[in-house]
Amino acid sequence: MDFTFTEEQEAAAEAARGVFAGVAPDAVPSPSLVAGAVAEDFDRALWARLAEADLLSLLLDAEYGGAGLNAIALCLVLRESAKGLARIPLLESSAAVAAVQAYGGPELKSALLARAGRGEVVLTVAANGRTGHDGAELAVTARQEGEDWLLDGVQTAVPWAHTADFVLVPAHTAADRTLLAVVPRVHPGVVLGEQISTTGERLGELRLESARIAARDVIDADGAWEWLRGLLATGTCSLALGLGERVLAMTSEYAGKREQFGHPIATFQAVAVQAADRYIDLRAMEATLWQAAWRLASGATGPLPASGDVAVAKIWASDGVRRIVQTAQHLHGGFGADVEYPLHRYHAWAKHLELSLGPAAAYEEALGDLLAAHPLG
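Keep in mind that what you see is a predicted model, and the values were worked out from it rather than measured.

1. Some points on the overall build of the protein
No. 1: Within the protein, the regular secondary structure consists of ten helices and ten strands.
No. 2: Here the C-alpha radius of gyration of the protein, 21 Å, is about what a compact globule of 377 residues would show, namely 21 Å.
No. 3: Counting only C-alpha atoms and orienting by the principal axes, one finds that the protein spans roughly 80 × 55 × 40 Å.
No. 4: Within the protein, buried positions represent 52% of all 377 residues.
No. 5: A sequence separation of at least 24 residues applies to 74% of the contacts in the protein between residues at least 6 apart.
No. 6: Carbon together with sulfur atoms contributes 53% to the accessible area of the protein, which is approximately 16200 Å² in total.
No. 7: Each charge class in the protein was averaged separately, 29 positive and 47 negative side chains, and the resulting centres sit 4 Å apart.

2. A closer look at the side chain of D309
No. 1: Looking at the secondary structure, you find D309 in helix 8 (residues 306-332).
No. 2: A residue is classified by how much of its surface remains accessible, and D309, at 15% relative accessible area, is buried.
No. 3: Of the polar contacts made by the side chain of D309, one reaches the side chain of Q291; its length is 3.1 Å.
No. 4: Excluding its chain neighbours within four sequence positions, the residues that come into contact with D309 are T288, Q291, A292 and R295.

3. Brief notes about the packing of helix 3 (residues 71-83) against helix 7 (residues 269-298)
No. 1: The interhelical angle for the contact between helix 3 and helix 7, taken along N-to-C directions, is 145°, at an axis separation of 8 Å. Together, A71, I72, C75, L76 and R79 of helix 3 and R283, E286, L289, W290, A293, W294, L296 and A297 of helix 7 make up the contact between the two elements.
No. 2: When the residues that make up the contact of helix 3 with helix 7 are grouped by side-chain class, the tally is ten nonpolar, no polar and three charged.

4. Things to note about the environment of A266
No. 1: Mapped onto the secondary structure, A266 falls in the loop between strand 10 (263-264) and helix 7.
No. 2: Along the backbone, A266 and A255 are eleven residues apart, and their C-alpha atoms lie at a distance of 4.8 Å.
No. 3: With near-sequence residues (within four places) excluded, A266 lies in contact with A255, G256, V271 and A272.

5. Details of the nonpolar core
One recurring pattern in soluble globular proteins: nonpolar side chains tend to sit buried together.
No. 1: Formed by 97 residues in total, the largest nonpolar core has its most connected members in F20, L50, I88, L123, L228 and L243.
No. 2: Among the elements that take part in this core, helix 6 (residues 224-257) stands out by supplying 14 residues, more than any other.
No. 3: In this structure L123 touches E92, S93, A96, V97, L112, A116, A164, F166 and L168, once residues within four positions along its chain are discounted.
No. 4: In this structure, A126, A171, L179 and L208 belong to the second largest nonpolar core, which totals 19 residues.

6. Some points on the packing of aromatic side chains
No. 1: Enumeration over the complete set of coordinates arrives at six aromatic pairs.
No. 2: A centroid spacing of 5.5 Å and a plane angle of 65° characterise the contact between F42 and W47, whose relative ring orientation is edge-to-face.
No. 3: With a relative accessible area of 4%, F42 lands in the buried category.
No. 4: Aromatic side chains F335 and Y341 sit 4.4 Å apart centroid to centroid with 35° between the ring planes, which places their arrangement in the tilted category.
No. 5: Judged by relative accessible area, which is 17%, Y341 ranks as buried.
No. 6: What links up through ring pairs into an aromatic cluster is the set F42, W47 and W160.

7. Some thoughts on the pairing of strand 5 (residues 178-184)
No. 1: Burial within strand 5 is extensive, with five of its seven residues counted as buried.
No. 2: Bridge count for strand 4 (residues 166-172) against strand 5 is seven bridges, and the pairing is antiparallel. Bridging across to strand 5, V169 finds its partner in A181.
No. 3: Pairing between strand 5 and strand 8 (residues 218-219): two bridges, direction antiparallel. In the strand pairing of strand 8, A181 is matched with V218.

8. Brief notes about the side chain of T163
No. 1: The topology assignment puts T163 in the loop between strand 3 (148-159) and strand 4.
No. 2: In contact with T163, not counting residues within four places along its chain, are E40, D41, F42, R44 and R185.

9. Regarding the state of the cysteines
No. 1: Following the criterion strictly, the structure yields zero disulfides and no others.
No. 2: With no disulfide of its own, C75 has C237 as its nearest cysteine by sulfur position, at a separation of 8.0 Å.
No. 3: Looking at C75, the relative accessible area reads 0%, which means it is buried.

10. Things to note about the pattern of salt bridges
Where charged atoms from two side chains of opposite charge approach closely, those side chains can pair.
No. 1: The final tally for this structure, using the stated rule, is 24 salt bridges.
No. 2: Between R177 and D222 there is a salt bridge, with its nearest N and O atoms 3.8 Å apart. In this pair, R177 is assigned in the loop between strand 4 and strand 5 and D222 in the loop between strand 8 and helix 6, connecting sequence segments 45 residues apart.
No. 3: For R177, a relative accessible area of 32% gives the class partly exposed.
No. 4: Residue classification places D222 among the exposed residues on the basis of a relative accessible area of 66%.
No. 5: Of the charged contacts, one joins E245 and R283 as a salt bridge, the two residues approaching to 3.6 Å between their closest N and O atoms. You can see E245 sitting in helix 6 and its partner R283 sitting in helix 7, a full 38 residues away along the chain.
No. 6: In this structure R283 comes out as partly exposed when scored by relative accessible area, which is 27%.
No. 7: Several salt bridges converge on common partners, so that one network encompasses E14, R17, R79, E80, K83, E245, R283 and E286.

What counts as what
Residues numbered from 1 in each chain as written. Predicted model: local features only at pLDDT ≥ 70, side-chain atom pairs only at ≥ 80, totals over all residues. Heavy atoms only, no water. Helix = DSSP H or I, 4+ residues; strand = E, 2+ residues; numbered from the N terminus. Rg over C-alpha atoms; globule rule 2.2 N^0.38 Å. Buried < 20%, exposed > 50% of the residue type's maximum accessible area, 1.4 Å probe, protein only. Contact = heavy atoms within 4.5 Å. Areas by Shrake-Rupley, 256 points an atom, 1.4 Å probe, with all protein chains shown as cover. Lys, Arg positive; Asp, Glu negative; His and termini not counted. Charge placed at Lys NZ, Arg CZ, Asp CG, Glu CD. Polar contact = N/O pair within 3.5 Å; in protein donor to acceptor, adjacent residues only side chain to side chain. Axes fitted to C-alpha atoms, helices over the stretch in contact; angles between N-to-C directions. Nonpolar A, V, L, I, M, F, W, Y, C, P; charged D, E, K, R; others polar. Core = buried A, V, L, I, M, F, W, Y, C linked by side-chain atoms within 4.5 Å. Phe/Tyr/Trp six-rings, centres within 6.5 Å; stacked < 30°, edge-to-face > 60°. Pairing = 2+ DSSP bridges. Disulfide = S-S within 2.5 Å. Salt bridge = Lys/Arg side-chain N within 4 Å of Asp/Glu carboxyl O.

Quick look at the structure:
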């Protein structure tokens, strides 16, 4: 395998660094100081800058105004966004438009893709199911009535649901097939309840009560949901990597300045060993992320399906980012809990990423099932 990035991918990462350079993690109130959401909307000004830099259309083909890049480029951009805790639905909207482009019909593509690439419409995905532990495709039922589909069920913790224009909702049919329905946020039979993440951001409990969706707005291609979920999970890993890199850098800077007994604590063996362990976590998170992103981007075959590589990456991302922020809090001492210092914000976001789309244990179980079904050697 060659993990050297192409010139186009490097250019996307460089553009992202420029756009996210001015993003401050403390641009909204601390989630520790407010009872509800830290803000009503995501960072629209930043979203506009991303559109101007053509970073919302990375995965779109040229006919829709895009750059025609792949999951690796998206992950490079997401990695940069996480370093400043950018409050934008970049992962969800990018993954949703990529799924529509890959599996949707001509009418749906024409209605959404170019507009989404310009930042005029925002999409998100209901990927957590009813409880966050069951399969999202099992939480909603779809039954056909004439040319339309009727959706019933509940999806919990839908990111950016209150501000996105459309939600991609997986649903299962009586024939045990999974569909993807493009559901408008404001639509008969759609009810949104408010939930709050550990990050302080608004999530949505999406209730569907015989919501009628036209057939042209439903994706029924085999494998569409599995592909979309894999891209979402891999993107979550890239967010965890970027966050972890920033947190370790903050910890290194602090430990180099903080003195005890007349010496910087970074010179103490116990501190150095803990920091080294977390650096190893980062490198493992990075290697497994690019393996998963490469499998998704290239379609290459292997001893296991691509979902196996995605599972390995998510296991490392979930466990690794948790260990990184916990060690950072420990080495910062009481200063790490100061609401005037951003580390506690990174800790809250890390916990959200750790559990997004399922914790490490869920992916360990899925990986075990894959290994049982595809014996190696």
